[in-house]
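These are the residues of each chain, in order.
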Amino acid sequence: MGATTHKRWGKARVLDVCEVAQHVRQVVLEPERLEAPAPPGSHIDIGVYVNGRADVRSYSVVGMGAYGSELILGVQLARQSRGGSAYMHALRRGQVVQITQPLQNFPLNYGKPGYVLAAGGIGITALVAMGKALKARGANYRFVYGARSRSLMAFVDELAAEHGNRMDLRIDDEGASLDVAELVDSVPEGGELYVCGPTPMLDAIKAAWAKAGRRPADLRFETFGSSGRFAPEAFAVRIPRLGLETLVPHDVSMLEALEACGADMMYDCRRGECGLCQVKVLGLEGVIDHRDVFLSDAQHEAGDRLQSCVSRVVSPRTGGLAGADGQQAAITIDVP
Amino acid sequence: MSAPIQAPGTPSGHAAFRHFPLNAWYAAAWDHEVGRNLLPKTIAGKPIVFYRTTKGRAVALADACWHRLAPLSMGKLRGEDEIMCGYHGICYDADGRATYMPAQETINPSATVHSYPVVERHRYVWVWTGDPALADPDMIPDLYMNDDPNWAGDGKTIHVNCSYQLIVDNLMDLTHEQFVHGSSIGHDALSESDFEVTHAGNTVTVTKWMLGIDPPPFWKRNLQDRYPDYEGPVDRWQIIRYTAPSTVAIDVGVAKAGTGAPEGDRSQGVTGTVINTMTPETDNTCFYLWAFARDWCLDKQVITTRLREGVSNVFFEDEVMLEAQQRGIEANPGYDFYNLNIDAGSMWTRRIVQRLIDRELGTEVEETGEAAGNAAREMSTLTGAANAEEQQNANGGTGQGAEAAEAVARHREQPTAGLMGRGF
């Protein structure tokens, strides 16, 4: 039972789709065969259609339904993202989809002296089941859930009711933003911090964790590489050695665009973890929005390589560079 | 001929019954076997590597590197609690979280191997192979005699090429002692005495008393440790206590006949506990961890050694038979067991295990079955049993019997050959 489980695909029926927050829908699936209940922290892969092409997306399992045979997902419609969420939002009751058995890359460890769960926005989907499991075991935990505004927060009322004063809501427009240093400080020695949220939040927590001299392995996080410092923009990419040039639309990843224009790309995880789809940066007009967790901060700053599955480029203006008005984002790269 | 349809939850007295629950504590090793070295073992079909941290805590990690599934047991220990994969150097801590990855400056957040819940208790290292959320240490069978100041003893591990269930069967019906262990603990009274079976929850108890008998050689000697001059008849008892899925503690002993042992006064006798816990390795192999603890002459190490080696010889006779039985099952795929009255204890253990498995897989029969199960659990079933003498004639010179006898003879010449080479 290593962390990466062999993917076993099967059919599942859509039992229900309903709005649970602004731009967030809960999707309830009934797998034809579920080998075991989905453990906390697990996700499924699901076959989707994006731009008329079959593709695969990953979604955390929020929990099991009342009968113990349904999987509950929470999907945020990412307007500028890759299109998988639009497909998920358009699912209808009774529709049949292809999903994997639950996959586990974010296991919860039992028996620690204390836990802090920290969710940002739709990242809550990865932590709901962990909160439930910790509560069931009578663990010492704190559950922090932050977002820009309450209307965007899926499951917020249920979670507040379930976790009482262990729940700590941090809502920007209600004047209670997340204090990262305090968050790190509140994790007892030997305890663990589980994080799922947008890349800037994760980056800030990682930095605070390192600064506090905490043990790296006690900071647990999961990423699907779906958020960055900037909103996605279209940008041009060139590979001079191969004579290729293409435009990466705002809702397509650089990796997909490169494949579509004929580059033979290597990749695996497609969520910015493994480092296989790395490309070399030869030239840049704009700013790189690194969204991976493979490279270190220093490597991100150096900017001589990027993970093409998740990372993007924004225009000099968006990136806050002076005197570059109107210039379109573009990057010149080489591929392995 | 049509095969009977077996509903989930029905008894499984079948030759093909080899399954085990995963949501269970299994004794993976003796405490002394786990140290600052890497001990690979397959437990309930799962490859696991065991080691201790420098602070002495036992650790059980999946024995397959997250990266490319190379066995971590081929790596080495690092620092206070880490293991380094011998292939590409990825390091994991005792929780199975990667702490070092080669050729990159970050740690991949998905890089984990499963860390199995481990509890050390009563000289065994117990591992939970199922859902870690359910791992409750209170479910570990109470084998306190294995390290209690009022008891003395020791034991060993045998790797046996048979399903763990065949050993449970073997221990739940000690009638076999008369035939398999004729020279040590066997006695005609074993198959001539009535026994009583009771069950409650996940436990089964089989009780047998043999009153006023001549003690078999093993017990005569034990009683003489305490009463050197006593030559008379004894009251002998065997109280077999099973705890699911695979632990059997047997309260055994003899007392001078008529001194009140059946009524609870064992002061004129000697009591031992045969501690047996079987850990499935695969469907048809297992680790058999046993010990013999006694309540007499606690300060005599020589008795500890004598009993350990004596019981070891006795169990080798079982091992030979059980492995032959397993081969017999596999060589006769079209044939099933015929269950006799003497198998009542074993049949209860199989039913309990089947229920555990059904519950785990979500295949349990619904409310009617559950209600019936509860009712059955509340009611303590008593089974008086008569002898099944007719089946005992089969102990002649048949192929397997002859094979067993030959192997035992070989073993007697080199008493440790069959045991020391296995599983230590």
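Note: the structure precedes this text.
All of these numbers come straight from a predicted model, not from anything done at the bench.

**Q** What am I meant to see in the overall build of chain B here?
**A** A tally of helices and strands in chain B yields nine helices and 18 strands. Classification of the 424 residues of chain B by burial places 54% in the buried group. Contacts in chain B between residues far apart in sequence, at least 24 positions, make up 64% of those at least 6 positions apart. Here chain B has roughly 18,300 Å² of accessible surface; of this, 52% comes from carbon and sulfur atoms.

**Q** Looking at this structure, how should I read the overall build of chain A?
**A** Counting its regular elements, chain A contains seven helices and 19 strands. Put simply, chain A has 336 residues, and 54% of those count as buried. Working note: accessible area of chain A is about 14,600 Å², and carbon and sulfur atoms make up 51% of it.

**Q** What exactly am I supposed to notice about the interface of chain A and chain B here?
**A** When the parts come together, some accessible area is lost, and that loss is often what is quoted as the size of the interface. Contacts between the two partners involve 26 residues from chain A and, on the opposite side, 21 residues from chain B. For the chain A and chain B pair, buried surface summed over both sides reaches about 2,000 Å², with 44% attributable to carbon and sulfur atoms. Across the contact surface, chain A and chain B share three salt bridges. Between Glu192(A) and Arg97(B) there is a salt bridge, with its nearest N and O atoms 2.7 Å apart. Our enumeration of links across chain A and chain B arrives at 14 residue pairs in polar contact (both at pLDDT 80 or more). Secondary structure elements with two or more residues in the side of chain A that touches chain B: β11 (192-196) and β12 (219-221) of chain A.

**Q** Help me understand the packing of helix α1 (residues 164-172) of chain B against helix α5 (residues 301-331) of chain B in this model?
**A** Packed helices, taken two at a time, are described by the angle their axes make and the gap between the axes. Residues and elements named next belong to chain B. Two elements in contact, α1 and α5, have axes whose closest approach is 10 Å; the angle formed by their N-to-C orientations is 125°. Judged by the angle between their axes, α1 and α5 are oblique. The way α1 lies across α5 gives a crossing that is right-handed. Each of Leu-166, Ile-167 and Asn-170 in α1 lies in contact with α5, whose residues at this interface are Asp-318, Leu-322, Gln-325, Gln-326 and Ile-329.

**Q** Is there a simple way to explain the packing of aromatic side chains in this structure?
**A** Any pair of aromatic rings gets described here by the distance separating the centres and the angle formed by the planes. Residues and elements named next belong to chain B. Summed over all chains, the structure comprises 13 aromatic pairs over all chains. Between Trp-30 and Tyr-124, the ring centres sit 4.8 Å apart and the planes meet at 70°, which makes this aromatic pair edge-to-face. A residue pair is termed long-range when its members are at least 10 positions apart, and Trp-30 in strand β1 (residues 25-30) and Tyr-124 in strand β10 (residues 124-128) qualify at 94 residues. Seen from their ring centres, Trp-209 and Trp-237 are 5.4 Å apart, and the 40° between their planes marks the pair as tilted.

**Q** For this particular structure, what's the right way to read the packing of helix α2 (residues 128-136) of chain A against helix α3 (residues 156-163) of chain A?
**A** Residue and element names in this part refer to chain A. One way to put it is that α2 packs onto α3 with a least axis distance of 11 Å and a crossing angle of 15°. Between α2 and α3, the angle falls in the class roughly parallel. Of the two elements, α2 crosses α3, and the hand of that crossing is left-handed. Contacts from Val-128, Gly-131, Lys-132 and Lys-135 of α2 reach α3 at Leu-159, Glu-162 and His-163. Classifying every residue of the contact of α2 with α3 by side-chain character gives two nonpolar, two polar and three charged.

**Q** What am I meant to see in the sheet that holds β11(A) here?
**A** Two pairing modes exist for strands in a sheet, parallel and antiparallel, and in both the strands are linked by backbone hydrogen bonds. Residues and elements named next belong to chain A. Pairing in this open sheet of five strands is parallel, and the strands run β10-β9-β8-β11-β12 from one edge to the other. Bordering the open sheet on either side are β10 (167-171) and β12, each of which pairs with just one other strand. Geometrically, the sheet is characterised by an average inter-axis angle of 15° between neighbouring strands, direction not taken into account. Of the pairings in the sheet, the one linking strand β8 (residues 115-120) to strand β9 (residues 141-147) comprises six bridges and is parallel in character.

**Q** Looking at this model, I keep getting lost on the pairing of strand β11 (residues 152-160) of chain B. Mind explaining?
**A** Put simply, side chains in a regular strand alternate between the two faces of the sheet. All names here are of chain B. Burial within β11 is extensive, with eight of its nine residues counted as buried. Sheet topology note: the β11/strand β17 (residues 285-294) ladder contains nine bridges and is antiparallel. Bridge pairing in β17 links Thr-157 to Leu-289.

**Q** I tried to follow helix α5 (residues 199-211) of chain A on my own but got confused; where do I start?
**A** Since the α-helix advances by 3.6 residues per turn, residues separated by three or four positions end up pointing in the same direction. All names here are of chain A. In a regular helix each residue adds 1.5 Å, so 13 residues correspond to 18 Å; α5 covers 18 Å between its end C-alpha atoms and thus fits that length. Those residues of α5 not exposed but buried are Thr-199, Met-201, Leu-202, Ile-205, Ala-208 and Trp-209. Those residues of α5 hidden inside the fold are in contact with β8, α4 (180-185), β11 and β12. With its phi angle positive at about 70°, Gly-213 sits one or two positions after the end of α5.

**Q** Help me understand the pairing of strand β15 (residues 247-256) of chain B in this model?
**A** Residue and element names in this part refer to chain B. The element β15 is largely enclosed, with a buried count of ten among its ten residues. As paired strands, strand β14 (residues 234-243) and β15 are joined by ten bridges and run antiparallel to one another. Following the sheet pairing, Arg-236 is matched in β15 by Val-254. In this structure, the hairpin formed by β14 and β15 is closed by a connection of three residues. Examined bridge by bridge, β15 and strand β16 (residues 269-282) share nine bridges and lie antiparallel to one another. When the sheet's bridge partners are listed, Asp-251 is paired in β16 with Thr-273.

**Q** Looking at this structure, how should I read the environment of Asp304(A)?
**A** Residues and elements named next belong to chain A. Looking at the secondary structure, you find Asp-304 in the loop between α7 (297-302) and β17 (305-307). What makes Asp-304 partly exposed here is its relative accessible area of 34%. Spatially, the C-alpha atom of Asp-304 lies 9.8 Å from that of Leu-284, the residues being 20 residues apart in sequence. Excluding residues that lie within four positions of it along the chain, Asp-304 makes contacts with Val-279, Lys-280, Val-281 and Gln-299. Of the polar contacts made by the side chain of Asp-304, one reaches the side chain of Arg-305; its length is 3.3 Å.

**Q** Looking at this structure, I do not really get the environment of Arg271(A). What am I missing?
**A** If you trace the backbone, Arg271(A) turns up in the loop between α6 (254-260) and β15 (278-285). A relative accessible area of 11% places Arg271(A) in the buried class. Within polar-contact distance, the side chain of Arg271(A) engages the side chain of Ser110(B) at 3.4 Å.

**Q** Could you clarify how one ought to interpret α3(A) in this entry?
**A** Residues and elements named next belong to chain A. Listing the buried residues of α3 in full gives Val-156, Leu-159 and His-163. Buried residues along α3 cover an arc of 65° about the axis, so they all sit on one side. Residues of α3 that are exposed and point more than 90 degrees away from the buried face comprise Asp-157 and Ala-161. Against α2, β9 and β10 lie the buried residues of α3. Of the residues one or two after α3, Gly-164 is the one with positive phi, at around 50°.

**Q** What should I look at first to understand the sheet that holds strand β2 (residues 39-43) of chain B in this one?
**A** Residue and element names in this part refer to chain B. A sheet is described by the order of its strands in space; here three strands give the open sequence β2-β3-β4, paired in antiparallel fashion. The open sheet is flanked by β2 and β4 (58-62), the only strands paired with a single partner. Geometrically, the sheet is characterised by an average inter-axis angle of 35° between neighbouring strands, direction not taken into account. In this sheet, strand β3 (residues 46-52) lies alongside β2 in antiparallel orientation, the contact comprising five bridges.

Rules of the game
Residues numbered from 1 in each chain as written. Chains lettered and ligands numbered in written order. Predicted model: local features only at pLDDT ≥ 70, side-chain atom pairs only at ≥ 80, totals over all residues. Heavy atoms only, no water. Helix = DSSP H or I, 4+ residues; strand = E, 2+ residues; numbered from the N terminus. Buried < 20%, exposed > 50% of the residue type's maximum accessible area, 1.4 Å probe, protein only. Contact = heavy atoms within 4.5 Å. Areas by Shrake-Rupley, 256 points an atom, 1.4 Å probe, with all protein chains shown as cover. Buried area = accessible area lost by both parts, 1.4 Å probe. Salt bridge = Lys/Arg side-chain N within 4 Å of Asp/Glu carboxyl O. Polar contact = N/O pair within 3.5 Å; in protein donor to acceptor, adjacent residues only side chain to side chain. Axes fitted to C-alpha atoms, helices over the stretch in contact; angles between N-to-C directions. Parallel < 35°, antiparallel > 145°, perpendicular 65-115°, else oblique. Left-handed = near helix turned anticlockwise from the far one by under 90°. Phe/Tyr/Trp six-rings, centres within 6.5 Å; stacked < 30°, edge-to-face > 60°. Nonpolar A, V, L, I, M, F, W, Y, C, P; charged D, E, K, R; others polar. Pairing = 2+ DSSP bridges. Expected span 1.5 Å × (residues − 1). Arc of directions from axis to C-beta.

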